[in-house]
Amino acid sequence: MMMTGLSSCNDFFDGIPGEQYDLETTFTNRQRTEQFLNNVYSYVPDETQERFPTGNRGGIWTGGSLEADITWSWNITNEWTMGQVYASSSWINYWFIEYYKGISKASTFIANVDRCAEASANDRLVWKAQARALRAYFYFLLFRSYGPIVMLGEEAIPLDTPLSDLLKERSTVDECVNWIADEFDAAAADLPVKYDGTNLGRFDQASCKAFKAKLLLYAASPLFNCNSTYAEVRNTDGTQLFPQDASQEQAKWERARDAYAEFFNNYVPNYYSLYTTTNSDGQIDFYQSYRDVTSGTFYSGENTEQIFIRLVDHTTHTYELTPYHNQVDDSALRGGLGFGTTQEMVDLFFTDKGLRIVDDPDYQEYEGVPSEEFYGSDEDYNNPRNPNYTYFLANTDKTLNQWKNREARFYVCVTFNGST
């Protein structure tokens with residue numbers, strides 16, 4: 001999520017018409033040095049903005065997975081799901097270009113920030129650590145999207161570098177992972193444990209460790225490790241890019257486990273924990289607890305689940321998730337139904353017994369078009385922990401029986417016919 005204080009940083013270099021700053025002028029001035037760092041932050045994507053994938057957006061990943069079906073025919077995710085994407089597709093290299101820009105600017109900042117005598121040594125140390133974390137993060141996003149990538153190392157590449165020197169071979173998966181993980185550790189050592197308030201959205205120690213753990217989880221998974229599909233992906237010198245040594249699988253899973261243990265042992269529950277809210281009887285209201293932390297509109301010091309967040313207006317995201325109400329004139333309320341979930345995701349939610357639907361003897365499945373015995377409810381169906389909140393009203397022909405007796409998260413995430 002984007003914090004408005006940093007979201008306009010793309011304008012830094014164009015802020016004064018006709019005036020540009022060289023490195024010397026920039027890094028001898030405290031304000032311009034901070035602005036340069038904020039400009040590096042401007043490349044952090046808003047992961048929830050996927051309607052238009054370019055322009056600091058999250059990407060096509062939700063619509064390209066089992067999680068969602070994007071119903072708008074013009075959305076480029078349809079190219080992905082229909083198998084119409086090629087290396088030459090106009091948008092396929094967008095993130096590749098943008099994140100390397102962020103990497104380049106981060107490296108420039110790291111190399112030059114100590115020129116800023118107006119800032120204290122501690123401020124420069126922390127700023128440099130933030131830039132190091134940002135650079136590792138951009139590499140992580142590239143790795144997540146494109147697999148083994150070119151690792152540029154510590155130095156910023158000069159603008160006059162010949163093209164022949166830019167055509168570098170990709171590093172192996174293991175080389176990428178080890179370098180990024182080490183960078184997150186190095187950045188964390190010089191950062192405060194957790195940012196909040198006006199610094200919300202900046203890299204801190206905990207977010208570095210969280211991303212390191214996620215990186216190592218990806219590296220251990222079959223996405224990147226011992227994946228026979230990519231066994232013959234090699235550099236021109238024959239270097240195999242995706243590891244195929246099955247004897248190392250256990251060690252990689254253990255390394256990921258240890259990274260998550262480090263996060264939990266150091267930051268949970270003192271800094272992060274599951275958020276819960278209770279009803280008037282003192283019971284945990286699972287529906288409201290989950291709704292608060294996933295709605296995208298709830299932030300306070302009480303919400304201790306959120307890691308590396310920024311605050312931004314998510315009206316457009318609400319519009320694309322809200323079902324289309326044809327009889328509502330107000331477009332802000334009518335909704336666009338651009339993003340709908342899939343049946344595969346719906347069927348993954350548990351029943352209220354904590355069972356998969358295939359394991360619950362009371363769950364009734366139908367084939368084809370459901371007949372009338374699968375429809376309707378003789379009474380209102382309410383939140384069992386808060387009877388004042390109705391999941392759906394009594395009706396004869398609107399609500400499938402399948403939508404009764406499901407876990408609380410189901411009623412937060414899934415809108416169905418007849419639901420309130």
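No experiment lies behind these values; they were computed from the predicted model shown. (Residues numbered from 1 in each chain as written. Predicted model: local features only at pLDDT ≥ 70, side-chain atom pairs only at ≥ 80, totals over all residues. Heavy atoms only, no water.)

S.K.: Help me out: how do you make sense of the confidence of the model for the chain in this one?
M.R.: Low pLDDT means the predicted atomic positions in that stretch should not be read closely. Mean pLDDT over the chain works out to 88, with 93% of the residues at or above the 70 mark. In the predicted structure, residues 1-18 sits below a pLDDT of 50 and forms 37 contacts with residues beyond four places in sequence or in another chain. (pLDDT = per-residue confidence, 0-100. Contact = heavy atoms within 4.5 Å.)

S.K.: Can you walk me through the pairing of strand β5 (residues 386-392) in this structure?
M.R.: Consecutive residues of a regular strand have side chains that alternate between opposite faces of the sheet. Relative to β5, strand β4 (residues 381-383) runs antiparallel, the two being bridged by 3 bridges. Of the residues in β5, the one forming a bridge with Tyr-381 is Phe-392. Where β4 folds back on β5, the antiparallel hairpin that results is connected by 2 residues. (Pairing = 2+ DSSP bridges. Helix = DSSP H or I, 4+ residues; strand = E, 2+ residues; numbered from the N terminus.)

S.K.: What should I look at first to understand helix α9 (residues 205-220) in this one?
M.R.: The α-helix winds at 3.6 residues per turn, so residues separated by three or four positions along the chain end up facing the same way. Under the 1.5 Å per step criterion, the end-to-end length of α9 is 23 Å for 16 residues, consistent within 8% with the ideal 22 Å. Where burial is concerned, most of α9 is hidden: 12 out of the 16 residues are buried. Along its buried surface, α9 packs onto α6 (121-146), α8 (173-188) and α10 (249-267). (Expected span 1.5 Å × (residues − 1). Buried < 20%, exposed > 50% of the residue type's maximum accessible area, 1.4 Å probe, protein only.)

S.K.: Would you mind going over the packing of α6 against α8 with me for this structure?
M.R.: Each pair of packed helices gets described by two things: the angle between the helix axes and the distance between those axes. Running from N to C, α6 and α8 point in directions that differ by 155 degrees, and their axes come no closer than 8 Å. In terms of axis orientation, α6 runs roughly antiparallel to α8. For the pair α6 and α8, the crossing hand works out as left-handed. Residues Ala-129, Arg-132, Ala-133, Arg-135, Ala-136, Tyr-137, Tyr-139, Phe-140 and Phe-143 of α6 pack against Val-173, Cys-176, Val-177, Trp-179, Ile-180, Glu-183, Phe-184, Ala-186 and Ala-187 of α8. Of the residues belonging to the contact of α6 with α8, the class tally is 15 nonpolar, no polar and 3 charged. (Axes fitted to C-alpha atoms, helices over the stretch in contact; angles between N-to-C directions. Parallel < 35°, antiparallel > 145°, perpendicular 65-115°, else oblique. Left-handed = near helix turned anticlockwise from the far one by under 90°. Nonpolar A, V, L, I, M, F, W, Y, C, P; charged D, E, K, R; others polar.)

S.K.: Looking at this structure, I do not really get unusual backbone geometry. What am I missing?
M.R.: Where the residue is not glycine, phi is negative for most of them; where a peptide bond is considered, it is trans in most cases. The residue after Val-268, namely Pro-269, is reached through a cis peptide bond having omega 10 degrees. Looking at where Pro-269 falls in the secondary structure, it is placed in the loop between α10 and α11 (286-294). The backbone phi angle of Cys-226 is positive, close to 55 degrees, even though this residue is not glycine. Topologically, Cys-226 is positioned in the loop between α9 and α10. Cys-226 gets classed as partly exposed once you look at its relative accessible area, which sits at 22%. Here the phi dihedral of Leu-337 falls at roughly 45 degrees; this positive angle occurs in a residue that is not glycine. With respect to the helices, strands and loops of the structure, Leu-337 is situated in the loop between α13 (331-334) and β2 (339-341). Taking the relative accessible area as the measure of exposure, Leu-337 reaches 35% and is therefore partly exposed.

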